4 protein chains.
Amino acid sequence: MTTAVETKLEVRWGECDPAGIVYHPAYIDWFSVARMHFLSAYGVHYMESFHDGRIQVVVTDVTCKYVKTLRAEDQIVVVARLVEISRARMKFAYEVFDDSGATCAKGYTRHAFVEHGTMRPVNLQRTAPELWEKLTVLPLSPEE
Amino acid sequence: MTTAVETKLEVRWGECDPAGIVYHPAYIDWFSVARMHFLSAYGVHYMESFHDGRIQVVVTDVTCKYVKTLRAEDQIVVVARLVEISRARMKFAYEVFDDSGATCAKGYTRHAFVEHGTMRPVNLQRTAPELWEKLTVLPLSPEE
Amino acid sequence: MTTAVETKLEVRWGECDPAGIVYHPAYIDWFSVARMHFLSAYGVHYMESFHDGRIQVVVTDVTCKYVKTLRAEDQIVVVARLVEISRARMKFAYEVFDDSGATCAKGYTRHAFVEHGTMRPVNLQRTAPELWEKLTVLPLSPEE
Amino acid sequence: MTTAVETKLEVRWGECDPAGIVYHPAYIDWFSVARMHFLSAYGVHYMESFHDGRIQVVVTDVTCKYVKTLRAEDQIVVVARLVEISRARMKFAYEVFDDSGATCAKGYTRHAFVEHGTMRPVNLQRTAPELWEKLTVLPLSPEE
């Protein structure tokens, strides 16, 4: 799985709920962290490459399957893989592991490239050809 | 759609991100608010009925499809419906509308009843028969 | 206390932590909600008046004293008052009450007017004279 | 400043707001992360030592002074120091630095030891003498 990028995180107290476990939307936030790390690992820093260029990568779909609960101070790894890319869209897959290597959650996010402010879809190759070039060399993983 | 419960919310500044729109995990949090309101509208107050009885309704799956962006101070309605229930599980459907009535997002959450602390699945009818009685009269909606 | 503005909120499950009570930064978020309601109650809608005009009201100081814990589904009132204002700065005071009228928390936020993007301080009277006119008629409360 | 503990973090997209900068309550959350790291650096793991023993360290006061804005993907260091401790209370001081070493924020939190559930204050030496022993050897810093 050489095309995946791993992000190590420690579960924060504030990410947990009164059930004593991680509140489920927190995993979706970790997916964002892992996705940005995936991109930056390949030289595409989101803030400089997208945000400062007034392009946003908005989320159009998210799914997450929760397998094993986690709690504060747990050490986790979030693995991100790019599974689809076009001039208009991207799709990422994620898996969250605890420190025993057990899968705690799995999910996907789909994205569209849009113009900051208007939120209108953009063809990235036309709008930001240099950025598009960088994305074309990102390693793609099979959907699974 | 008389079996649905509506929750009116105002988008908070802190729920939005540097793209100027609601950060996508916030919708998943709104689903929780809407789900608790669905239950309390039918006399099942989560904290008293579940939490204080040491039963938690954990999320096992979540999906959300994002259709239209929202920003701070927008007035929204989150509609929650119960679409499946058994002694071990529940499934809810949600739809988020802006003040023009346009759909902004749609999603589902699946849940399991578990014992607080151990997180072991429970048969609600056996573990909490009175609470189970209350749940059996909750109005069910077709999946769609 | 006719110059204060009250915001009614219900504590969210996701605002609570493994101690079973509201996680303390959530109160600071409520202060933002209450501050925006204070402004909009007097005709100053933050998104249109400040954000869309490329002026931000950034926080320079916050304090909060926590008096009584709260938990999910509690009904609360957050009272916001403006206690200082100049062409460059504002200061707000807040008090959080539970449904018995007991004080749960008290705090302050100080703010500076800055230009969006550069984050440079602005003299609001010079930069946005019409907005400044609206602010000059906001009711001021004594610091206490 | 050998008695301080440093926590390296990367600013998350979801911690930022529509002004394009870190939303101010996020710093208060970082203080929690840094405080737990301070304790665990000296062998006191919060979840095992406090939470599992049904003692919580609740926050009674927080202050934060914001000096320099931060945005997503910024690399930061949060320095935590213990400045007061008694059988009933603790006080921590924090400073947030960006990667140029500039101070971005400074703050304090005060805490009380309470019993989980009842939230009643506890004398830690009496309630949890072994834990209290561990705390007595924590390095204390001058208030500033």
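Residues numbered from 1 in each chain as written. Chains lettered and ligands numbered in written order. Predicted model: local features only at pLDDT ≥ 70, side-chain atom pairs only at ≥ 80, totals over all residues. Heavy atoms only, no water.

1. What to know about the overall build of chain A
- A tally of regular secondary structure across chain A gives four helices and five strands.
- In chain A, the order of α-helices and β-strands from amino to carboxyl end is β-α-α-β-β-β-β-α-α.
- Radius of gyration (C-alpha) of chain A: 16 Å, near the 15 Å computed for a compact globule of 144 residues.
- Principal-axis analysis of the C-alpha atoms places the extent of chain A at approximately 45 × 35 × 25 Å.
- Within the span of chain A, comprising 144 residues, buried residues form 60% of the whole.
- In chain A, of all internal contacts separated by at least 6 residues, the share reaching a separation of at least 24 is 68%.
- By element, 50% of the accessible surface of chain A is carried by carbon and sulfur atoms, the whole surface being about 6000 Å². (Helix = DSSP H or I, 4+ residues; strand = E, 2+ residues; numbered from the N terminus. Rg over C-alpha atoms; globule rule 2.2 N^0.38 Å. Buried < 20%, exposed > 50% of the residue type's maximum accessible area, 1.4 Å probe, protein only. Contact = heavy atoms within 4.5 Å. Areas by Shrake-Rupley, 256 points an atom, 1.4 Å probe, with all protein chains shown as cover.)

2. Some thoughts on the pattern of salt bridges
- With the rule as written, the count across this model stands at 28 salt bridges over all chains.
- Put simply, Asp52(C) and Arg71(B) hold a salt bridge, and the shortest N to O gap is 2.8 Å. With Asp52(C) in the loop between helix 2 (46–49) and strand 2 (55–66) and Arg71(B) in the loop between strand 2 (55–66) and strand 3 (75–85), the pair connects residues from two separate chains.
- Judged by relative accessible area, Arg71(B) falls into the partly exposed class, the value being 26%.
- Linked through salt bridges whose partners overlap, the residues forming this network are Arg12(A), Glu15(D) and Asp29(D). (Salt bridge = Lys/Arg side-chain N within 4 Å of Asp/Glu carboxyl O.)

3. Some points on empty space enclosed by the protein
- Counted according to the given criterion, the structure contains three cavities of 30 Å³ or more.
- Here the largest cavity defines a volume of roughly 980 Å³.
- Taken together, 31 residues line the largest cavity, and the ones lying closest to its centre are Gly14(A), Gly14(B), Gly14(C), Asp29(C) and Gly14(D).
- Residue assignment for the lining of the largest cavity shows that the elements contributing at least two residues are helix 1 (25–41) of chain A, helix 1 (25–41) of chain B, helix 1 (25–41) of chain C together with helix 1 (25–41) of chain D.
- Broken down by class, the residue content of the lining of the largest cavity amounts to 15 nonpolar, four polar and 12 charged.
- Considered as a void within the structure, the second largest cavity measures approximately 70 Å³ in volume.
- Taken together, Tyr23(A), Asp29(B), Ser32(B), Val33(B), Met36(B), His37(B), Glu10(C), Val11(C), Arg12(C), Trp13(C), Gly14(C) and Glu73(C) make up the lining of the second largest cavity.
- Counting residues per element, the lining of the second largest cavity draws most heavily on helix 1 of chain B, at five residues.
- Residue composition of the lining of the second largest cavity, by class: five nonpolar, three polar and four charged. (1 Å grid on protein atoms, 1.4 Å probe; cavity = no way out; pocket = protein on both sides within 12 Å on 5 of 7 lines; lining within 4 Å. Points joined across faces, edges and corners; volume = space filled by probe spheres on them. Nonpolar A, V, L, I, M, F, W, Y, C, P; charged D, E, K, R; others polar.)

4. Looking at the sheet that holds strand 4 (residues 89–98) of chain B
- Across the sheet, 10 strands lie side by side as 1(A)-3(A)-4(A)-5(A)-2(A)-2(B)-5(B)-4(B)-3(B)-1(B); this open sheet has antiparallel pairing. What marks the edges here is a single partner per strand, and that holds for strand 1 (5–10) of chain A together with strand 1 (5–10) of chain B. The sheet shows a mean angle of 25° between the axes of neighbouring strands, taken without regard to direction.
- Bridge count between strand 3 (residues 75–85) of chain A and strand 4 (residues 89–98) of chain A: nine bridges; the pairing is antiparallel. Bridge pairing links Ala80(A) to Tyr94(A) in strand 4 of chain A. (Pairing = 2+ DSSP bridges. Axes fitted to C-alpha atoms, helices over the stretch in contact; angles between N-to-C directions.)

5. What about the interface of chain A and chain B?
- Each partner contributes to the interface: chain A provides 24 residues, whereas chain B provides 24 residues.
- Summing both partners gives a buried area of about 2000 Å² for chain A against chain B, and 61% of it is carried by carbon and sulfur.
- Sorting the residues of chain A by area buried against chain B places His24(A), Val62(A) and Tyr66(A) first, and these three jointly supply 22% of that buried surface.
- Counting the contacts that link chain A with chain B gives two salt bridges.
- Lys65(B) is paired through a salt bridge with Asp61(A); the nearest N and O atoms lie 3.3 Å apart.
- In this structure, the connection of chain A to chain B is made through 10 residue pairs in polar contact (both at pLDDT 80 or more).
- Elements represented by at least two residues in the side of chain A that touches chain B include exactly helix 1 and strand 2 (55–66) of chain A. (Buried area = accessible area lost by both parts, 1.4 Å probe. Polar contact = N/O pair within 3.5 Å; in protein donor to acceptor, adjacent residues only side chain to side chain.)

6. Quick notes on the relation of the copies chain A and chain C
- With an RMSD of 0.0 Å, the operation that places chain A on chain C is a rotation of 180° combined with a shift of 0.0 Å along the axis. Such a turn and shift between the copies fits a two-fold axis.
- An overlap of 100% is found between the interface residues of chain A and their copies at the interface of chain C, pointing to a shared contact surface. (Least-squares fit on C-alpha atoms with pLDDT ≥ 70 in both.)

7. Focus: helix 1 of chain B
All names here are of chain B.
- Counted at 1.5 Å a residue, the expected span for helix 1 with its 17 residues is 24 Å, and the 25 Å between its end C-alpha atoms agrees.
- Counted residue by residue, helix 1 has 14 buried out of 17 residues, so it is predominantly covered.
- Downstream of helix 1 by a residue or two, Gly43 has a phi angle that is positive, lying close to 85°. (Expected span 1.5 Å × (residues − 1).)

8. Points about the interface of chain A and chain C
- Taken residue by residue, the interface counts eight residues in chain A and eight residues in chain C.
- Interface area, chain A with chain C, both sides summed: about 790 Å², of which 72% is carbon and sulfur.
- Linking chain A with chain C are zero salt bridges, by the criterion used here.
- At the junction of chain A with chain C, the criterion picks out two residue pairs in polar contact (both at pLDDT 80 or more).
- Across the side of chain A that touches chain C, the residue classes break down as five nonpolar, two polar and one charged.

9. Quick look at helix 4 (residues 129–136) of chain A
All names here are of chain A.
- Regarding helix 4, the residues found buried are Leu131, Trp132 and Leu135. In an axial view of helix 4, the angular spread of the buried residues amounts to 100°, which keeps them on one side of the axis. Opposite its buried face, helix 4 presents the exposed residues Glu130 and Glu133, each directed more than 90 degrees away.
- On its buried face, helix 4 sits against helix 1, helix 2 (46–49), strand 3, strand 5 (103–115) and helix 3 (124–127). (Arc of directions from axis to C-beta.)

10. Some remarks on the relation of the copies chain A and chain B
- Of the two same-sequence chains, chain A is brought onto chain B (RMSD 0.0 Å, axial shift 0.0 Å) by a rotation of 180°.
- Mapped onto chain B, 100% of the interface residues of chain A are again interface residues, and the two copies thus contact each other with one and the same surface.

11. What to know about the pairing of strand 5 (residues 103–115) of chain C
Residues and elements named next belong to chain C.
- Note that strand 2 and strand 5 share 11 bridges and pair antiparallel. Directly across from Val62, in strand 5, lies its bridge partner Thr109.
- One ladder, built from nine bridges, connects strand 4 (residues 89–97) with strand 5; its direction is antiparallel. Following the sheet pairing, Lys91 is matched in strand 5 by Arg110.
- The hairpin turn running from strand 4 into strand 5, its antiparallel successor, is five residues long, and Gly101 in that turn takes a positive phi close to 90°.

12. Remarks on the side chain of His116(B)
- Tracing the sequence through the fold places His116(B) in the loop between strand 5 (103–115) and helix 3 (124–127).
- Given the relative accessible area of 18%, His116(B) is considered buried.
- Excluding anything up to four places from it in sequence, His116(B) contacts Pro18(A), Ala19(A), His51(B), Arg54(B), Ile55(B) and Gln56(B).

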